[in-house]
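An overview of the molecular structure
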Amino acid sequence: MKVLFVCLGNICRSPLAEAIFKHKISKLDLADVWESDSCGTSNYHIGDQPDPRTIKNALKNGVQISHLGRQIEPDDLENFDLVLAMDRANYKDIMRLGKATTHPHKVQLMRRYDPMGGEDVPDPYYGGEREFQEVFDIINRSIDSLIESFRKS
């Protein structure tokens, strides 16, 4: 199973989701079965490291991030089994890609897996430590649910 996490700039939410996912599947000894990556719908931060606040928050929660920003490409819809958008705007941008009409079932909202519900993972970019922790908590529990759904199927 190959999962792609997508946000706007690929410096806050999606690299955090990728890192949490990798951390959890490594602990479950499933890193050879499940793969992940992250990207942004925009080209704002290609080649950049994640936002320092994202890195700080991840480390505070015991998760290491190693990623350089990239933009989503139409071939990603061919190469990944599941594409998780952090919010509805990202979802719409992904669905505008050429190959999205061939694989619409692959594209979903991240919070579809959130046991507490909700639609969008809020963008913490203009927030502070509290907002970054809120995003970590949302993604963390959503990924627990995602992994559990994989394990059941």
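Scope of this entry: the structure provided in the associated data block. Computed from a predicted model, the values in this text were never measured in an experiment.

Brief notes about the environment of Glu-148
Mapped onto the elements of the fold, Glu-148 is located in helix 5 (residues 129-152). The partly exposed category is assigned to Glu-148, whose relative accessible area is 39%. Through-space distance from the C-alpha of Glu-148 to that of Tyr-113 is 9.7 Å; in sequence the pair is 35 residues apart.

What to know about the pairing of strand 1 (residues 2-7)
Of all six residues making up strand 1, five are buried, and the element is well covered by its neighbours. With six bridges connecting them, strand 1 and strand 2 (residues 35-40) associate as parallel partners. Residue Phe-5 lies in a different strand from strand 2, and its bridge partner there is Ser-38. Assessed by its sense of winding, the connection that carries the chain from strand 1 through helix 1 (residues 13-27) to strand 2 is right-handed.

Thoughts on the pattern of salt bridges
This structure, assessed with the given rule, holds 15 salt bridges. A salt bridge links Asp-123 to Arg-13, with the nearest nitrogen and oxygen atoms 3.7 Å apart. Of this pair, Asp-123 sits in the loop between strand 4 (107-109) and helix 5 while Arg-13 sits in helix 1, and the two are 110 residues apart along the sequence. A salt bridge links Asp-114 to Arg-111, with the nearest nitrogen and oxygen atoms 2.8 Å apart.

Digging into the packing of helix 1 against helix 5
Between helix 1 and helix 5, the least distance of the axes is 10 Å, while the angle of their chain directions is 45°. By the angle class used here, helix 1 and helix 5 are oblique. As for the relative orientation of helix 1 and helix 5, their crossing is right-handed in sense. Each of Arg-13, Leu-16, Ala-17, Ile-20, Phe-21, Lys-24 and Ile-25 in helix 1 lies in contact with helix 5, whose residues at this interface are Val-135, Phe-136, Ile-139, Asn-140, Ile-143, Asp-144, Leu-146, Ile-147 and Phe-150. Class assignment for the residues of the contact of helix 1 with helix 5 results in twelve nonpolar, one polar and three charged.

Considerations on the packing of helix 2 (residues 52-60) against helix 5
Here helix 2 crosses helix 5 at 60°, and the two axes come no closer than 10 Å. Relative to helix 5, helix 2 is oriented oblique. Two packed elements cross with a definite hand, and for helix 2 against helix 5 that hand is right-handed. Residues Arg-53, Thr-54, Lys-56, Asn-57 and Lys-60 of helix 2 form the contact with helix 5, whose own contacting residues are Glu-129, Phe-132, Gln-133 and Phe-136. When the residues that make up the contact of helix 2 with helix 5 are grouped by side-chain class, the tally is two nonpolar, three polar and four charged.

Side note on the sheet that holds strand 3 (residues 82-85)
Taking strand neighbours across the sheet as the criterion, the four strands line up as 2-1-3-4 in an open arrangement whose pairing is parallel. Each having just a single partner strand, strand 2 and strand 4 make up the two edges of the open sheet. Averaged over neighbouring strand pairs, the angle between their axes works out to 25° when direction is ignored. Bridge analysis of strand 1 against strand 3 gives four bridges, and the strand direction is parallel. Opposite Val-6, over in strand 3, you have Ala-85 as the bridge partner. Strands in contact with helix 1 are strand 1 and strand 2; relative to strand 2, the strand with the most contacts, it is inclined by about 175°.

Digging into helix 2
Buried within helix 2 we find Thr-54, Asn-57 and Ala-58. Down the axis of helix 2, the buried side of the element spans an arc of 100°, and every buried residue falls inside it. More than 90 degrees from the buried face of helix 2, the exposed residues found are Pro-52 and Lys-56. Packed against the buried residues of helix 2 are helix 1 and helix 5. The opening residue of helix 2, the one whose side-chain oxygen lies 2.7 Å from the backbone nitrogen of Arg-53, is Asp-51. Following helix 2 by one or two positions, Gly-62 has its phi on the positive side, about 80°.

Procedures and definitions
- Throughout this description, residue numbers start from 1 for each chain and increase along the sequence as written.
- In keeping with the predicted nature of the model, local features appear solely for residues at pLDDT of at least 70, side-chain atom pairs appear and are counted solely at 80 or more, and the whole-chain, interface and lining totals rest on all residues.
- Computation of side-chain values covers all heavy atoms of the structure but excludes hydrogens and water.
- Helix and strand definitions follow DSSP, with helices as H or I runs of at least four residues and strands as E runs of at least two, each counted in order from the N terminus.
- For the exposure calls, accessible area comes from a 1.4 Å probe over protein chains only, and a residue counts as buried if that area is under 20% of its type's maximum, exposed if over 50%, partly exposed in between.
- A pair of strands is treated as paired once DSSP finds two or more bridges between them.
- A right-handed crossover is one whose linking path, passing over the helix from the first strand to the second, runs clockwise when the strands point away from the viewer.
- When a carboxyl oxygen of Asp or Glu is within 4 Å of a side-chain nitrogen of Lys or Arg, the pair counts as a salt bridge.
- Where helices are involved, their axes are fitted lines through C-alpha atoms of the stretch in contact, as for all axes, and angles between N-to-C directions lie from 0 to 180°.
- The labels follow the angle: roughly parallel below 35 degrees, roughly antiparallel above 145, roughly perpendicular from 65 to 115, and oblique for the rest.
- Throughout, a crossing is termed right-handed when the near helix is turned clockwise from the far one, and left-handed when it is turned anticlockwise from it by less than a right angle.
- Should any heavy atoms of two residues lie within 4.5 Å, those residues are counted as being in contact.
- Three classes are used: nonpolar for Ala, Val, Leu, Ile, Met, Phe, Trp, Tyr, Cys and Pro, charged for Asp, Glu, Lys and Arg, and polar for all others, with Gly counted as polar.
- What the arc measures is the spread of directions leading from the helix axis to the C-beta atoms.
- Pairing of N or O atoms within 3.5 Å defines a polar contact, subject to two protein rules: one partner must be a possible hydrogen donor and the other a possible acceptor, and residues neighboring in sequence count only if both atoms are side-chain atoms.

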